[in-house]
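Residue-level listing of the chains:
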Amino acid sequence: MFDDDRPLTTVRVLFSDLHGVARGKDVPAAQFDRVAKSGLRFCAAVMGTDLRHNPVVGGEAGYPDMRAIPDLTTLAHLPWEPGVAACLADLRRPGTDDPEPTDPRAAVRRAVAELDALGFAAVVGPELEFYLCRAGETDGTRPTRFLDRLSMVYTVGPQADPDGIVRRLSEHLSRFGLDTVAANHEFCNSQYEINLREGPALAAADRAFWLKTAVKDVAALNGRVATFMGKPFNDQSGSGFHLHVSLQRDGRNAFDDPGDPDGVSPALRSFAAGVLRHAPALMALLNPTINAYRRLVPDSLAPTHANWGWDNRTTMVRVPPERGRGARLEVRVGDGSANPYLAVAAILSAGVHGLQEALALPAAFAGDVAAAGDAEPGLPLVRSLPAALDALEADDVLRARLAPELVDTFLALKRHEIVRHREWVSDWEVDEYLRHL
Ligand code: GLU
Ligand code: MG
């Protein structure tokens, strides 16, 4: 399994917090057998801690422990850190085999089980965009972009990737087993995209989580900062996290239907209807930052309405043109700051609801949503994180399926973030007012 020449010295055990940030411990290789059996202990408040390390949830119970049990099926050598292997862990309540309710990976397992009960297995393909910046150089506020040339979209090779970082990244990730299928410069300056092959839902969520972690790690090793933040620059569009989803039943793609005039099945339509029905609450998990809502503007290739369309990149749910094995839908609304596990779990849970209720899909939207004029492009998406959190809190179906404790912890964390933001005097305000007023 460990294909580099260096002896294994360390095993990194990682899990996702609610932000999708990788947390864990490095275990000396000699200790790993013991850890593989008994797990590692962490203060469970890490699941209720915000990005400024304020423990928002957890104190009321006296900051108890949780256990992280390595999932040995995920153990693999890290090609970018010779001598180091890493694996993912499942979180357990101490003294029990019960999942820690706030474990995002467990939320995907629950959604997969619900689909299984209906006879379906989800196949998910994540597409993540990110910006590469120079570490240690800023424009006063943010790290400067690594490459600031115009019109590099779909450009590959040294012009788009002068140090070969993106190519090396893609090679590393492939050797790591992430099933990367392509890497390219994206639409905006210094923006890149790495596509992962579709796979079973949990494996796909794991791979998207690894991808974000690995891209940030490899960037750090090369004097760069990689960011999946939704809208990091005012003069460039944002970074999406598009999720392609289909369902398998009896070894066939259950979204395909050669007998249908459009070639798609009632299951695809009901699943998509479930996603649209739960759009307001989904926004909280797919766009979980205050910043994310600045990306969702007209003419950005990001959606502004809860709608769908045939091969339409201005809609929230796009049905790509492939049929047969490739029949699927693409949920385009999320940005790179979403926790891959919560994004996958939430979309599947919304889709399951659509299937169970056989929800009807509204008419497809054709054309450019931004130029829709009087044509009705669907309900506008919620425009802010506070509104999305309120929608998530009010969505009994998603709250129950994702686990009430997980959702409540997420809401508390994010509302704390909103309060901190509200009280913070921003650069914009200072630039706008200080000298003039
Ligand atoms: N960057 C766009 C977004 O924020 C998507 C561009 C594309 O279609 O790949 O979603
Ligand atoms: Mg893209």
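Residues numbered from 1 in each chain as written. Chains lettered and ligands numbered in written order. Predicted model: local features only at pLDDT ≥ 70, side-chain atom pairs only at ≥ 80, totals over all residues. Heavy atoms only, no water.

### Some remarks on a nonpolar patch on the surface
- Together, Val425, Val430 and Leu434 line one region of the surface with nonpolar side chains, adding up to about 260 Å² of accessible area.
- Among the structural elements, Val430 can be located in helix α11 (residues 427-434).
- Relative accessible area serves as the criterion here: at 31%, Val430 is assigned to the partly exposed category. (Patch = residues over 30% accessible without salt bridge, like charges linked within 9 Å, V, L, I, M, F, W, Y side chains within 5 Å. Areas by Shrake-Rupley, 256 points an atom, 1.4 Å probe, with all protein chains shown as cover. Salt bridge = Lys/Arg side-chain N within 4 Å of Asp/Glu carboxyl O. Helix = DSSP H or I, 4+ residues; strand = E, 2+ residues; numbered from the N terminus. Buried < 20%, exposed > 50% of the residue type's maximum accessible area, 1.4 Å probe, protein only.)

### Here we look at the packing of helix α6 (residues 279-286) against helix α8 (residues 385-394)
- Packing of α6 against α8 brings their axes to within 7 Å, and their N-to-C directions diverge by 120 degrees. Relative to α8, the crossing made by α6 is left-handed. Contacts from Pro280, Ala281, Met283, Ala284 and Leu285 in α6 reach Ala388, Leu389, Ala391 and Leu392 in α8.
- When the residues that make up the contact of α6 with α8 are grouped by side-chain class, the tally is 9 nonpolar, no polar and no charged. (Axes fitted to C-alpha atoms, helices over the stretch in contact; angles between N-to-C directions. Left-handed = near helix turned anticlockwise from the far one by under 90°. Contact = heavy atoms within 4.5 Å. Nonpolar A, V, L, I, M, F, W, Y, C, P; charged D, E, K, R; others polar.)

### A short note on the site of ligand 1
- In the neighbourhood of ligand 1, the contacting residues comprise Glu129, Glu186, Glu193, Gly238, Ser239, Gly240, His242, Arg295, Ser300, Leu301 and Arg332.
- Take Glu186: an N or O atom from its side chain is 3.0 Å from an oxygen atom of ligand 1.
- Considering ligand 1 on its own, with 300 Å² of exposed area, one finds that the protein chains cover 92% of that surface.
- Of the residues in the shell around ligand 1, the class split is 1 nonpolar, 5 polar and 5 charged. (Near = heavy atom within 4 Å. Polar contact = N/O pair within 3.5 Å; in protein donor to acceptor, adjacent residues only side chain to side chain.)

### A closer look at the pattern of salt bridges
- Going through the model one piece at a time under the given rule, you end up with 33 salt bridges.
- We note a salt bridge from Asp235 to Arg145, for which the minimum N-O separation is 3.0 Å. With Asp235 in the loop between β12 (224-227) and β13 (241-249) and Arg145 in strand β8 (residues 143-145), the pair connects residues that are 90 residues apart, well separated along the chain.
- The partner of Arg318 in a salt bridge is Glu330, with the nearest N and O atoms 2.8 Å apart.

### Considering the coordination of the magnesium ion (ligand 2)
- Around the magnesium ion (ligand 2), the protein supplies Glu129 (OE), Glu186 (OE) and Glu193 (OE) as donor atoms, at distances of 2.0 to 2.2 Å.
- The sequence motif formed by the donor residues of the magnesium ion (ligand 2) is E-x56-E-x6-E. You can see Glu129 sitting in strand β7 (residues 121-138) and its partner Glu193 sitting in strand β10 (residues 191-196), a full 64 residues away along the chain. By the burial criterion, Glu129 is buried, and Glu193 matches it. (Donors = N, O, S within 2.8 Å, 3.2 Å for Na, K, Ca; no water.)

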